[in-house]
Amino acid sequence: MDFSKNQLMRILLVFFVLISSYTLNALPNSAASNNINGFIRDKDNGETLVAATVFLDGTSYGTFTSKKGYYNLTNIPAGSYILKVSNVGYQTFEKAIEVKANQNLRVDVDMVPTDIMKNNITVTAEREVERREITVSKVNIPVEQIKEIRIGGESDVFRSIQMLPGVLTSSQVSSGLFIRGGSPDQNLVLLDGSTVYNPSHLFGFISSFNSDAIKDVELIKGGYPAEFGSRMSSVINITQKDGNRNEFEGLASIGAISSKLSLQGPVGKGSWFLGARRSYFDLILNLIPEDDEVPYPDFGFYDINAKVTQNITENDQISASGFLSRDDFFIENSGVDVTFFLGNRTGALDWTHVFQSDLFFDLNLTGSYYFNGFKQNITGFKVKAENSIRDYSLKGKLEWFTSEDLTLKTGFEVNNYLFKYEQNFTGDDSTSNAGTSGGGRLMLEEDDWTYAAYVSGNYIYENLWSVQPGIRINYWDYSDILTFDPRLALKYQIQEKIALKASWGIYHQYLRLAGDENVALFDTWLPTDNTVEPSKAVHYIFSVESELFEGYDFNFDVYYKELENINEVKRTTLEGSKVSDVFYNGNGEAYGFEVFLQKKFGRFAGWVGYAWGKVNARFDSINYGEVFNPKYDRRHDFKIVLKYELTDKWSIGSSFMLQSGQPYTGASSKFRVNMSQTTYGKDIAVQLNRYGLRLPPSHQLNMNATYNTSFFKLPAKFIIDIYNVYSRRDILFRYYDLDGEVAIVNDVLLLPIIPTVSYEVRF
Amino acid sequence: MKNNILYKILPLLFVVILLSSCEDDAPFDYKEEHYVEAYLTVGQPIDHIKFYRTVPLDEVYSEESAFIDDADVTIYSENNDEMKLEFRNEPSPGYYYNDDYIVKPETFYYLRIETSEGNIYTDTTRTPSLFDWEKEPVSSLTYPADSLNLPPAPDSTKLFWSRSGNINFYLVNVKCLDTLNYGQYLEPPTEEKNRRVPLPFKEVNQLYRDQTTINLIPNITSPVVWFAFRWYGNHEITIQAPDNNYLRWYLQYLTLNGDVYEPLLTTISGGAFGVFGSVAEIKANTFLYKSN
């Protein structure tokens, strides 16, 4: 198909306008139905609640609240009902209501938290089954659960996600997530709608999301609906806290790695939230005497989250949120200064409008800027390499609950990207002009637009079958590529508590990441230009979701994923101006199954998960064109997370993982390289098949104990964490050490046992 | 009760044993391969053509066990010159030589190696053009080892050279010519022995032993980097303009891939690995004084 850019723009706009017009024209008809709708909030702080269950007692009418906390029940026959709302950690809400003919009944509910919630002892990784949208392989992780999984005393969003079956990392200290055979760049990480391009601190040791500032984390491991695009593997959708609408509240904590402070309170017709976190290695190191000949490196990080939410009218809510994070590393020795830095800045403006009880609109304007760099000053001779990606996006979404059985959703997305890469080895640190190449300077700048529109519908047939077709159309300006991503999901409700689901979809990816799988330091995002084909995945997923016994969820997923035009970085490239100079392109496939058993409530709660998976990759230029298993291919993945409330004061928790070892590359012989001026040379091992061997299995046990106490009558917590309880040091990588006369095999080991304490006070 | 506990633990133990059985120990089985390390230096006779076999990982490396001395090695130039190479152990052991031919700049060369078993390995290189110092390096430098707060390096200590054709990357080789003696080069001479420059980091042993350091510079000027000196005393600085093959082999030498060979950095055809590359180079001597 050969369209000009303007033609394509018109097609996309007409597509959205037609769908929207059709939807808006249908309004008079929809107003004739009997509907119940509203927002569900926490009574204490006014936060909207995601995925709360809303139903009419004794009927089949029910739904779940959206990420905005909104629910809608349509086409309810006139009559008297008991409206019930339930959510994990809250008292069930009940209210008698009267539905009259042609009435839109607005019922906003304030849920009362139970003691379980207040004490933060709930351990859930709720697998949400939404009635109006079939989402396969979706997991919601409440923030209380995130706080229980820690590394170095630091609770972490990505560490929690890693404890789910089928989610792997390149090492136990990396926060890059490999989900069902997809690499970290194939995960769409959204924070209030803004894309976060490198959500890591300490080169990937922990993520940059402060768990005190997070309200909800949603992971879709595959087969996601047409609403989401631009990535091939998964969606990690994070929502920041709105803030307390009723009273001022604060939380201060001090831990081994960082200290945190969060404040929140009411303002106008809404709330505000401000959270900040800062490491203090630099402050501690300043107190320790330093040897001038072997100085300490200076490093640290900080992040700030802020959000303001206002309810302009009963049907209009706006919010503005922002996120800043930055890491710095600096060392000076023998006249050479070396600086590394990286950071993220995001901002989001969101407007939610309820046109009618059954028509919901959301407009999201976001900006995201990710940068990293390296600077060196060699006795006055300065060199630097920096890169960044700036992304402005506008997203619109219209959701129409046309009837109890049919939901339509349509939307658009426009992105403007600016990619910059600069290196300057001329000796001065001046900035080069765009397009400069040669003489020690390289300055690449690329501005690009991408457009997308989608439509999807969900139809329920006799409360047993659901079908959800959808399509997403993408146009990438610079490379002049138009892609069609059809999606289809099916659901069959065998019994009230057992559902079969299947999903198929095509997913194209515009961005490519040049980075290291172990260290999130020089991550460089690049567009798809004319020299490379678009990356593409096809997902096939079958899932059984059930509640075996009261309070016990059991899920079984089987998946197969085809991967086309995936990337491996050319580590041998020294210069280039095209995307094909940076990557090898290849194909792959991933398949496997996952079993997940979870107990949500009670003094004893937690989950057990097991995943079996395989990833095959084939690149013409790698491993002599033969199929290989990438480094993150682990065959077995077994995980347990448990939490036990001993008393009102004490609770304990633990997490355990056991995984197949990572693949590594063996060697068959060695040779010696002598450059023309060297006098000794250097021995190098000749490799066998790439990643043809496997390291020993990884396993690790972490434990924590929390003591609830008070600090000058303020509620406080004292937390003891033991990371890697039995000090089993996992292998980061294995290599042949050729320094001696004969080769020996060495392993680079990861962290031993790390006990830490932290203390937090709520005010 | 004990039985119950055992019942719960047994499945876990079974999984651990099952997974443990998946581990592969690092292999040391020997598989012989042939490799070529062939460089031409503009203005020099042909004196760096190596044709070797790889050696077992658990054996001590020796030139004698590695070199292949019975191959038929020939280099052809674009001017129809045909240079037969002769295997010798002099001046360096294990090389194929031709002392009669001087390598020309900006010239295309073709290497052909035929083994006694009839295998044929080939590669080509185009020699870089000549270049020169823009400003001769200073004849002596002083390293202030006792003062780590070094001032900005003055231009007088920087290296400046002209561009060789369209080459963007240059190799700066710093070779210590005498690791034992220091005082005998002073005025008046002394008996002082040479010693190493203290480095703030630990180098791998193989590099630590070598008298030469090599640094890749994407420019035609470079500051004096103190880390480039492993010893004090008499040094030779060689700037090399490499062709793409030699540059690739330098990346192999750097072993960006750990200490494991990277097949993407080889250019030889026919089943062996390695390169046939070329450089143009300029040299200068400098003396590194201890500051006190």
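In this numbering scheme, every chain counts its residues from 1 along its sequence in written order. Lettering of chains starts at A and numbering of ligands starts at 1, both following the order in which they are written. Note on the predicted model: pLDDT of at least 70 is required for a residue's local features to be given, and 80 or more for side-chain atom pairs to be given and counted; whole-chain, interface and lining totals, by contrast, use all residues. Note: side-chain values were computed over all heavy atoms of the structure, leaving out hydrogens and water.

Peer 1: Is there a simple way to explain the interface of chain A and chain B in this structure?
Peer 2: By a widespread convention, an interface's size corresponds to the accessible area lost as its parts come together. Two residues qualify as a contact provided that any one of their heavy atoms is within 4.5 Å of a heavy atom in the partner residue. Every contact between the two is made by 65 residues of chain A and, on the other side, 85 residues of chain B. Note on chain A versus chain B: buried area summed over both sides is about 6700 Å², and carbon and sulfur give 62% of it. When the area that chain A buries against chain B is broken down by residue, the three leading residues are A:Met675, A:Gln677 and A:Lys682, summing to 12%. Each reported salt bridge corresponds to a side-chain nitrogen of Lys or Arg within 4 Å of a carboxyl oxygen of Asp or Glu. Where chain A meets chain B, there are 0 salt bridges. N or O atoms closer than or at 3.5 Å make up a polar contact, with two conditions inside protein: a donor-capable atom paired with an acceptor-capable one, and, for residues adjacent in sequence, both atoms drawn from side chains. Applying the counting rule to chain A against chain B returns 24 residue pairs in polar contact (both at pLDDT 80 or more). Numbering of helices and strands starts at the N terminus; helices are DSSP runs of H or I of at least 4 residues and strands are runs of E of at least 2. Counting only elements with at least two residues in the side of chain A that touches chain B, the list comes to β24 (316-333), β28 (406-427), β40 (636-645), β41 (650-659), β43 (667-673), β44 (682-687), β45 (693-694) and β48 (731-737) of chain A. The dominant element in the side of chain A that touches chain B, judged by the number of residues it contributes, is β43(A), at 7 residues. Note on residue categories: nonpolar means Ala, Val, Leu, Ile, Met, Phe, Trp, Tyr, Cys or Pro, charged means Asp, Glu, Lys or Arg, and polar means any other residue, Gly included. Looking at side-chain class alone, the side of chain A that touches chain B contains 28 nonpolar, 24 polar and 13 charged residues. A quick way to say it: buried area is the sum, across both parts, of accessible area lost when two parts are put together, with a 1.4 Å probe.

Peer 1: Honestly, the sheet that holds strand β2 (residues 53-56) of chain A in this entry has me stumped. Any pointers?
Peer 2: Strands pair in a sheet through their backbones, by hydrogen bonds, and they do so in one of two ways: parallel or antiparallel. Residue and element names in this part refer to chain A. Here we have 4 strands laid out as an open sheet, ordered β3-β2-β5-β6, and antiparallel in their pairing. The open sheet has two edge strands with one neighbour each: β3 (62-64) and β6 (93-99). When strand polarity is set aside, the average angle formed by the axes of neighbouring strands in this sheet is 20°. One requirement defines pairing of two strands: DSSP has to find at least two bridges between them. Judged from the 7 bridges that link them, strand β5 (residues 79-86) and β6 form a sheet pairing that is antiparallel. Residue pairing across strands places Val85 opposite Phe93, the latter belonging to β6. Axis definition: a line fitted to C-alpha atoms, over the contacting stretch in the case of helices. Angles run 0 to 180 degrees between N-to-C directions.

Peer 1: Looking at this structure, I do not really get the packing of aromatic side chains. What am I missing?
Peer 2: The relative placement of two aromatic rings is captured by the distance of their centres and the angle of their planes. Here a Phe, Tyr or Trp ring, Trp counted by its six-membered ring, pairs with any other such ring whose centre lies within 6.5 Å, and the pair is stacked when the planes are under 30 degrees apart, edge-to-face when over 60, and tilted otherwise. The final tally for this structure, using the stated rule, is 60 aromatic pairs over all chains. Arranged with centres 6.5 Å apart and planes meeting at 55°, the rings of A:Phe718 and A:Tyr759 form a pair that is tilted. Taken as a pair, A:Phe718 in strand β47 (residues 714-723) and A:Tyr759 in strand β50 (residues 754-762) lie far apart in primary sequence, 41 residues in all. Judged by centre distance (4.4 Å) and plane angle (35°), the ring pair of B:Tyr261 and B:Phe273 falls under tilted. Linking B:Tyr261 in the loop between α4 (244-254) and β16 (273-290) with B:Phe273 in strand β16, this pair joins segments that are 12 residues apart in sequence. The pair formed by B:Tyr261 and B:Phe273 is uniform in burial state, with each residue classed as buried. What links up through ring pairs into an aromatic cluster is the set A:Phe671, B:Tyr35, B:Tyr52, B:Phe67, B:Phe87, B:Tyr96, B:Trp249, B:Tyr261 and B:Phe273. When the NZ atom of lysine or the CZ atom of arginine is within 6 Å of a ring's centre and also within 35 degrees of its normal, the charge is said to sit over that ring. Across from the ring centre of A:Tyr664, 5.1 Å away, lies the NZ or CZ of A:Arg734, which sits over that ring. Taking NZ or CZ as reference, B:Arg88 lies 4.3 Å from the ring centre of B:Tyr97, over its face. Burial here depends on accessible area, computed with a 1.4 Å probe over protein chains only, as a share of the maximum for the residue type. Under 20% is buried, over 50% is exposed, and the range in between is partly exposed.

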